[in-house]
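Per-entry structural report
The primary structure of each chain is shown beneath.
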Amino acid sequence: SQVKEFGALVFAATMNVRQVVSILISYATYGHSITELQVLGLLAVFGALFYKSFASLGSSEGEKKPLVKKDPEAVVEAPAKV
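About the cut-offs
Residues numbered from 1 in each chain as written. Predicted model: local features only at pLDDT ≥ 70, side-chain atom pairs only at ≥ 80, totals over all residues. Heavy atoms only, no water. Helix = DSSP H or I, 4+ residues; strand = E, 2+ residues; numbered from the N terminus. Buried < 20%, exposed > 50% of the residue type's maximum accessible area, 1.4 Å probe, protein only. Areas by Shrake-Rupley, 256 points an atom, 1.4 Å probe, with all protein chains shown as cover. Patch = residues over 30% accessible without salt bridge, like charges linked within 9 Å, V, L, I, M, F, W, Y side chains within 5 Å. Salt bridge = Lys/Arg side-chain N within 4 Å of Asp/Glu carboxyl O. Expected span 1.5 Å × (residues − 1).

Moving on: the overall build of the chain. A count of helical and extended segments in the chain gives 3 helices and 0 strands. Its helices and strands taken in sequence order, the chain reads α-α-α from the N to the C terminus. When each of the 82 residues of the chain is scored for burial, the buried share is 6%. Summing over all exposed atoms, the chain offers an accessible surface of approximately 7,900 Å²; the carbon and sulfur share of this is 64%.

Right under this line is the structure:
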């Protein structure tokens, strides 16, 4: 699936692009006009989304470290039956 291969961010971006294309087709089909504020909103949302995509591609962090370190010598005991 797309999420497994490319990650959740790419999936979210794809879904957002589909929604915007659908909106633009609707505007063209029914002859509505897009206001400047709507264009500004779309640019802000997609600008932030693509910035986050490209910023995460360039990061060299790799996998994040776990919050809690596992103790290899720790023994977990089963609770006693009553």
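A cluster of nonpolar side chains, contributed by Val17, Val21, Ile25, Phe50 and Phe54, occupies part of the molecular surface with about 460 Å² of accessible area. Ranked by residues supplied to the nonpolar patch, first place goes to helix H2 (residues 8-30) with 3 residues. Residue placement: phenylalanine 50 occurs in helix H3 (residues 36-58).

Okay, H2 next. Under the 1.5 Å per step criterion, the end-to-end length of H2 is 33 Å for 23 residues, consistent within 8% with the ideal 33 Å. Glycine 31, located one to two residues past H2, shows a positive phi value of around 70 degrees.

Before going further, it helps to spend a moment on the environment of phenylalanine 50. The exposure class assigned to phenylalanine 50 is partly exposed, which follows from its relative accessible area of 36%. Once the C-alpha coordinates of phenylalanine 50 and valine 10 are considered, the two residues, 40 residues apart in sequence, prove to be 9.4 Å apart.

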